Amino acid sequence: MTSKQTNNSIRPWGRYFVLDETPLYKIKRIEVEPKSRLSYQFHKNRSETWIIIQGEGIVTLEGNNQKIIQGDIITIPKTLKHRIENTGNSKLIFIEVQTGKYFGEDDIIRVEDDYNRIK
């Protein structure tokens, strides 16, 4: 692994760490605080795979909710609207593997956001 770990990035719902990044992929460790959720969003340039490593919650894919627990794997093709919510009382932690042609944070198109970050 060509580790390129950066300092964590704090967000209103928790934080993330970039574990590795190359022109072909980006890997993050994402921690969602209890009773928090990410924005309902999609990406034009990347697909994502989420591997739940701790906690429980709900993933929303194109308006359909499914319960998730440790060990679950979620595949999110590019342009698919998605969100993850921590419904538990401890951190929800997952590994996100991004693949595609661009991994910038400006490829997050928010449809709904609890923290008023829609442009």
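Look up a bit, the structure's there.
Residues numbered from 1 in each chain as written. Predicted model: local features only at pLDDT ≥ 70, side-chain atom pairs only at ≥ 80, totals over all residues. Heavy atoms only, no water.

(A) The sheet that holds strand 10 (residues 92-100), seen in detail. The six strands lie next to each other as 1-2-3-10-5-8, forming an open sheet whose pairing is antiparallel. Each having just a single partner strand, strand 1 (9-11) and strand 8 (73-76) make up the two edges of the open sheet. Strand-to-strand twist of the sheet, defined as the mean angle between neighbouring strand axes without regard to direction, takes the value 20°. (Pairing = 2+ DSSP bridges. Helix = DSSP H or I, 4+ residues; strand = E, 2+ residues; numbered from the N terminus. Axes fitted to C-alpha atoms, helices over the stretch in contact; angles between N-to-C directions.)

(B) Geometry of the pairing of strand 2 (residues 14-21). Inspection of the sheet shows strand 1 paired to strand 2 by three bridges, in the antiparallel sense. Its bridge partner lying in strand 2, arginine 11 is registered against glycine 14. Between strand 1 and strand 2, which pair antiparallel and follow one another directly, the connecting turn spans two residues. Between strand 2 and strand 3 (residues 25-32), which follow one another and run antiparallel, lie three residues.

(C) Representation of the nonpolar core. Judged by nonpolar contacts, the single largest core of 16 residues is most densely connected at Val32, Trp50, Val59, Ile68, Ile74, Ile84 and Phe94. Where this core is concerned, the elements lending two or more residues are strand 2, strand 3, strand 5 (46-54), strand 6 (56-61), strand 8 and strand 10. Beyond its immediate sequence surroundings of up to four residues, valine 59 is in contact with Trp50, Asn64, Asn65, Gln66, Ile68, Ile74, Arg83 and Ile84. (Core = buried A, V, L, I, M, F, W, Y, C linked by side-chain atoms within 4.5 Å. Buried < 20%, exposed > 50% of the residue type's maximum accessible area, 1.4 Å probe, protein only. Contact = heavy atoms within 4.5 Å.)

(D) Just the pattern of salt bridges, in detail. Under the defined criterion, the tally for this structure stands at nine salt bridges. Here glutamate 31 and arginine 29 are joined by a salt bridge, their closest N and O atoms 2.9 Å apart. We classify glutamate 31 as buried; its relative accessible area is 4%. Here glutamate 112 makes a salt bridge to arginine 83, at a shortest N to O gap of 3.4 Å. Here glutamate 112 is found in strand 11 (residues 109-112), whereas its partner arginine 83 is found in strand 9 (residues 82-86), with 29 residues between them in sequence. (Salt bridge = Lys/Arg side-chain N within 4 Å of Asp/Glu carboxyl O.)

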